[in-house]
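# Examining the three-dimensional arrangement
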Amino acid sequence: MIITKISQAVKTEGRYNVFVDEQYSFSLDESQLVKLNVRKGQELTEEELAKLKDESEFGKSYIRAVDLISRRPRSEKEIRDYAWKKQWSAEIRDRVIERLKERLYLNDEKFAESFVRSRTNTRNFSKRKMQAELMKKGIQKELMEKVLADSDFDESESLKNLMAKKRDKYDSTEKLVQYLARQGFRYDHIKSALDEMQ
């Protein structure tokens, strides 16, 4: 088997299509082409071709993961879930995650800090609700506690803001209290905040 042609991919900038025995076989990005020393006229064994196809899959999967993270920060669990959904092999998944960590694109502590900062600035969350969301995203309990303790998240401020925002929506104090409790605020905190408002 011989690499008979290497041409720039039309749809994806920076990727190159590699043809083996005149047939399209796989694609690689520019850095992979150089690193793996892939060139026209190169003879390949079945084993070498299989290895290059694996590299191609890794490259495509890595770019998809970077694209995902570029839209918003992600936790490691979210990348693992995405890999499962896209049916990546365990080897490709682990390599992608390792590369993302090496390049500092994936860091659960930074993700949790960013998440808490964003929720603190834009929504009136309870600590319990914040913890539930972080847990869903695979953040470990100890890390979650550390990030929340280090942040300027103020649950009582959050509760007062939400109460002021929703007070007119509910025709009774009881319904407002039930709503706030569903949002994860403790009953004694809700009662204290209500007493302060009256």
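Conventions used here
Residues numbered from 1 in each chain as written. Predicted model: local features only at pLDDT ≥ 70, side-chain atom pairs only at ≥ 80, totals over all residues. Heavy atoms only, no water. Helix = DSSP H or I, 4+ residues; strand = E, 2+ residues; numbered from the N terminus. Rg over C-alpha atoms; globule rule 2.2 N^0.38 Å. Buried < 20%, exposed > 50% of the residue type's maximum accessible area, 1.4 Å probe, protein only. Contact = heavy atoms within 4.5 Å. Areas by Shrake-Rupley, 256 points an atom, 1.4 Å probe, with all protein chains shown as cover. Lys, Arg positive; Asp, Glu negative; His and termini not counted. Charge placed at Lys NZ, Arg CZ, Asp CG, Glu CD. Axes fitted to C-alpha atoms, helices over the stretch in contact; angles between N-to-C directions. Parallel < 35°, antiparallel > 145°, perpendicular 65-115°, else oblique. Left-handed = near helix turned anticlockwise from the far one by under 90°. Nonpolar A, V, L, I, M, F, W, Y, C, P; charged D, E, K, R; others polar. Pairing = 2+ DSSP bridges.

### Thoughts on the overall build of the protein chain
- Within the protein chain one finds 10 helices and three strands.
- Listing every helix and strand of the protein chain by position from the N terminus yields β-β-β-α-α-α-α-α-α-α-α-α-α.
- At 25 Å, the protein chain has a C-alpha radius of gyration far larger than the 16 Å of a compact globule built from 198 residues.
- Its C-alpha atoms give the protein chain principal-axis dimensions of about 85 × 30 × 25 Å.
- Counting over 198 residues, the protein chain shows a buried share of 39%.
- The contacts of the protein chain with a sequence gap of at least 6 include a subset with a gap of at least 24, amounting to 53%.
- Split by element, the accessible area of the protein chain, about 12800 Å² in all, is 46% carbon and sulfur.
- Positive and negative side-chain charges in the protein chain, numbering 42 and 37 respectively, have mean positions lying 5 Å apart.

### Points about the packing of helix α8 (residues 155-166) against helix α9 (residues 173-182)
- Where α8 meets α9, the axes come as close as 11 Å, and the angle between the chain directions of the two elements is 135°. When the interaxial angle is binned, α8 and α9 end up oblique. Here α8 and α9 pass one another in a crossing that is right-handed. Facing Leu-159, Leu-162, Met-163 and Lys-166 of α8, the residues of α9 in contact are Leu-176, Tyr-179 and Leu-180.
- In the contact of α8 with α9, the residues fall into six nonpolar, no polar and one charged.

### Observations regarding the pairing of strand β1 (residues 3-8)
- Inspection of the sheet shows β1 paired to strand β2 (residues 15-20) by five bridges, in the antiparallel sense. The partner of Lys-5 across the bridge, within β2, is Phe-19.
- Where β1 hands over to β2, the hairpin turn is made up of six residues, of which Gly-14 adopts a positive phi near 85°.

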